Protein chains: 2
Amino acid sequence: MGQSNNIYDCIIAGAGPAGLAAALYTARDRLNTLVLEKFMPGGQINNTDRIENYPGYVNIGGPDLIMKMKEQAENFDAEIRTGAEVTKLTKLQDGNIEVSCNKDKYIAKVVILTPGSDYRKLGIPGEDEFRNAGAGVSYCGTCDAPFFKGKQVVAIGGGNTALEETLHLCKYADKVTLLHRRDEFRATKVLVEELLEYQKKNEGKLIIKYSTIPIAIEGQGKVQSVKLKNKKTEELEDYPCDGVFIFIGMVPNTGFLKGSIELTDTGFIRADCAYLRTSMPGVFVAGDCRVGAAMQLATAVGDGVCAAMAIKNYLRNPSWWNEPLSEEYQPTGW
Amino acid sequence: MGQSNNIYDCIIAGAGPAGLAAALYTARDRLNTLVLEKFMPGGQINNTDRIENYPGYVNIGGPDLIMKMKEQAENFDAEIRTGAEVTKLTKLQDGNIEVSCNKDKYIAKVVILTPGSDYRKLGIPGEDEFRNAGAGVSYCGTCDAPFFKGKQVVAIGGGNTALEETLHLCKYADKVTLLHRRDEFRATKVLVEELLEYQKKNEGKLIIKYSTIPIAIEGQGKVQSVKLKNKKTEELEDYPCDGVFIFIGMVPNTGFLKGSIELTDTGFIRADCAYLRTSMPGVFVAGDCRVGAAMQLATAVGDGVCAAMAIKNYLRNPSWWNEPLSEEYQPTGW
C-alpha cells in the first residue's frame, strides 16, 4: 500500500471502537488508511472489565475486545499511530483535508472523526481507584446494572440520563439511592413523574436524597460506602453501598474542532444521520461524539462501518456531499 | 418475567443479527420481549462460513456468531419462537399493536421489524449447491473479496452495486470477469466511467462480457467454471473461475407489510435515520430491510441497538413519535 506524498485516502481521528471499525472497512476497501490516536487504542472501553452487551460476545473484557479490533484492522494494512493527537482540520483548496497533529501534518482525501466522549467525573477520592479496578464505580447503567443484581447502589445526577439510568438500576439492584445536589431535578417532567411514581409503588426500594453530594467513595478493594454531605445542613454521613453510578454527563472530545466543524451547544458534532456527513465536505463522524449517538459499543461500531461505506460516494463524486436526504427517511407517520 | 394477558412490551419480527441485538437490549432493559422468527435464528448469516468484517472477531463462522447472539439474548430472558411467521400488523385503538402470525396473534406495546433482506438469486444449477458449502458462490463482494486474493472470479450484474462490487473485487482477485445480460449498464454514469477507465488502465485484469448470462455454475466440490450463454449469438462457453459473485439486487422481506407500513418503491421500510421510526406509531425498524441500510452485519447490529434504545422514548411518551428530527442533524455544510 504505502503512501504517496504523504497523502492518505482516509485519516481516522481516534482508535476507539468506532475508529477501528471504520479502519477495518476502509482498509479492506484498499484505501490507504491512517488512524491517529492520542493515547492508546480503545479509549473508554479499556476501563471496562466485563462487557455483556456487545452482540456476539456473551462476556468479554474491554481491553481484550479492543485488541481484537486493532489486530483485525491491521490485518488489512490500516496504520495505527498512537501518541498522535489531532489538533486541527483545514479544508484545502484542492478539496483535500489537512490534518494537523501535535507532531506532524498529514493530508487526506477524507477524514472520519471518532474522538469519542468521556464521562464527566465527580473528581472525588475513590472515583478513579474503584473505577479502574472495576470495583464498583460505573458511568453506564445500561451497561453495568446487571452486575449489581440484588445489591445496593448509589446513583448520582439529576438530568434525563440520570433518571432513566436510575430506573434501569431499580430493575436489578435491591436498593437504589439517588443523590442530587439541588432540591429539584432538571430532567423532563415525564421522567420525574415516572421516578416518583416508581418510588411510591415500591416502598423502600428507591431513596432520593436531594441537596446531597458525595465527597468520597470508600472501601477495601471494592466500594463499600460513599461519604455524603448535605449541602444545606453540612451534615456528613457514611452511606453503605456496593456500587456507585455517576450520571453527570458526557464530554465529547471535540474541543479541537471548534471553529472548523459545526458542533452542538454541548459540543457534539452535527451530522446527518444517514451518511454521517459533517459541515466540512469530506469529513465524516462516527461514534459517541456525534449528535444523537446512542453511546453504546455496538452503535459506535455500526457508525464506523456506516461512515466507511458512505465515503465511497464522496470519493467518487464530491458533489454528492450536498445532496439532501431522500424523503424516504421521512415516513408520514411522524 | 412472564407475560400478562398475552401483552408483550416488545415484539421483534426476525431473529437475524438486528433482531437479536435489539432483543438483547430490550431484555436487559427488563422489557418482556418476544422474538418471532419464520425459519431459524440467523437468517442469511447462516450461509456464511467465514466472517472477517464483524469488528471484534478476526474470523468467525456465521452459525457460530448467531448462536452466541441468541444465547446472549436468552440469558436475559428474551423469548425466541421459531417457525412463527409474522403475517400482519394492526394498530389498535388503545395504541398497542396486534401482531398476527401464521399460528397465533400477539399484542405488543412496541414492535421492532427486523425481517432482513434476501439476495436476489439467479436460480441456476449450482448456485445453491456452492453457496451453502461456502464453496465459491457469494452475494457480497465487500464481505468476501479478500478470500479470493490472487484468484479468478466472475461477477454478474449491471447496476450500481454490481459495478462497485466488481471494482472492489479487482483489488483482490487476479482477474475479474463481469457478465451483464444487456449491452449497456444501468449503473450511474460516474460508476460506468470509473469501471471502463479501470479496465483501460489494467490490461487483461477486468473483462466485461455484455449480453451474456450464466446458465450453470459447475465444479467438483467447489466452483471451477461457469457455463455462459451469449444472448445474441446463443453461443455457449465453459468459462473457468474460482468464484462467482452475484450482484443482481436485494429483496427485502417486507411483503407482509404492504398496506400497513410505508415502503419504498423497492420494498424497503421507510424510517427516519435517527430513531428508526416507521410510519406506524410504535413500530420501529432495524437492519437490512430499512431504507438506507448499509447491508453489513455491524450496521444491522448497530441498528438493532439503536431501535431498542429509542423505544424508551416512545414507551414513556407516545407523542414523542411525532417529534421531527432536530436541526442538529442538518449541518449547513451539505
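Data block above holds the structure.
Criteria and thresholds
Residues numbered from 1 in each chain as written. Chains lettered and ligands numbered in written order. Predicted model: local features only at pLDDT ≥ 70, side-chain atom pairs only at ≥ 80, totals over all residues. Heavy atoms only, no water. Helix = DSSP H or I, 4+ residues; strand = E, 2+ residues; numbered from the N terminus. Contact = heavy atoms within 4.5 Å. Core = buried A, V, L, I, M, F, W, Y, C linked by side-chain atoms within 4.5 Å. Buried < 20%, exposed > 50% of the residue type's maximum accessible area, 1.4 Å probe, protein only. Phe/Tyr/Trp six-rings, centres within 6.5 Å; stacked < 30°, edge-to-face > 60°. Pairing = 2+ DSSP bridges. Axes fitted to C-alpha atoms, helices over the stretch in contact; angles between N-to-C directions. Buried area = accessible area lost by both parts, 1.4 Å probe. Salt bridge = Lys/Arg side-chain N within 4 Å of Asp/Glu carboxyl O. Polar contact = N/O pair within 3.5 Å; in protein donor to acceptor, adjacent residues only side chain to side chain. Nonpolar A, V, L, I, M, F, W, Y, C, P; charged D, E, K, R; others polar.

Asker: What should I look at first to understand the side chain of Arg131 of chain B in this one?
Answerer: Looking at the secondary structure, you find Arg131 of chain B in helix 3 (residues 127-132). Discounting residues that sit within four places of it in the chain, Arg131 of chain B has contacts with Gln44, Asn47, Tyr119, Lys121, Val137 and Tyr139 of chain B.

Asker: I would appreciate a short explanation of the nonpolar core in the present structure.
Answerer: Note that soluble globular proteins tend to have their nonpolar side chains buried in a common cluster. In this structure, Leu89 of chain A together with Leu89 of chain B are the most contacted members of the largest nonpolar core, which totals 181 residues. When near neighbours in sequence (up to four residues on either side) are disregarded, Leu89 of chain A contacts Ile97, Glu98, Val99, Val111, Leu113, Leu257, Ser260, Ile261, Met280 and Val283 of chain A. Counting 23 residues, the second-largest nonpolar core is a separate cluster that includes Ile124, Phe130, Leu179 and Phe268 of chain B.

Asker: I'm lost on the packing of aromatic side chains in this one. Help?
Answerer: Aromatic rings considered in pairs are described by the distance between their centres and by the relative angle of their planes. Residue and element names in this part refer to chain A. All chains considered together, the criterion is met by 22 aromatic pairs over all chains. Plain terms: the ring middles of Tyr119 and Tyr139 are 5.3 Å apart, the flat faces sit at 15° to each other, and that makes the pair stacked. On the criterion of sequence distance, the pair formed by Tyr119 in strand 7 (residues 117-119) and Tyr139 in the loop between strand 8 (137-138) and helix 4 (141-144) is long-range, its members being 20 residues apart. Tyr139 matches Tyr119 in its accessibility class, with the two residues each being buried. Ring geometry for Phe148 and Phe245: centres 5.2 Å apart, planes at 75°, overall edge-to-face. Of this pair, Phe148 sits in the loop between helix 4 and strand 9 (152-156) while Phe245 sits in strand 15 (residues 243-246), placing them 97 residues apart in sequence. The buried category is assigned to Phe245, whose relative accessible area is 0%.

Asker: Where do I start with the sheet that holds strand 13 (residues 225-230) of chain A in this structure?
Answerer: Strand pairing in a sheet takes place through backbone hydrogen bonds and is either antiparallel or parallel in direction. Residues and elements named next belong to chain A. With antiparallel pairing, the three strands of this open sheet are ordered in space as 12-13-14. The two strands at the open ends of the sheet, each matched to only one other strand, are strand 12 (212-218) and strand 14 (236-240). On average, each strand axis in the sheet is tilted by 30° relative to the strand beside it, whichever way the strands run. Inspection of the sheet shows strand 12 paired to strand 13 by six bridges, in the antiparallel sense. Residue pairing across strands places Pro214 opposite Leu228, the latter belonging to strand 13.

Asker: Looking at this structure, I do not really get the interface of chain B and chain A. What am I missing?
Answerer: A common way to express how large an interface is: the accessible area buried when the components associate. On the side of chain A, 70 residues touch chain B, which itself brings 70 residues to the contact. Interface of chain B and chain A: buried area, both sides summed, is about 6,100 Å²; carbon and sulfur atoms make up 55% of it. Linking chain B with chain A are eight salt bridges. When the shortest N-O distance is used, the salt bridge between Glu52 of chain B and Arg28 of chain A registers 3.2 Å. The interface formed by chain B and chain A holds 40 residue pairs in polar contact (both at pLDDT 80 or more) in total. In terms of residue class, the side of chain B that touches chain A is built from 32 nonpolar, 17 polar and 21 charged.

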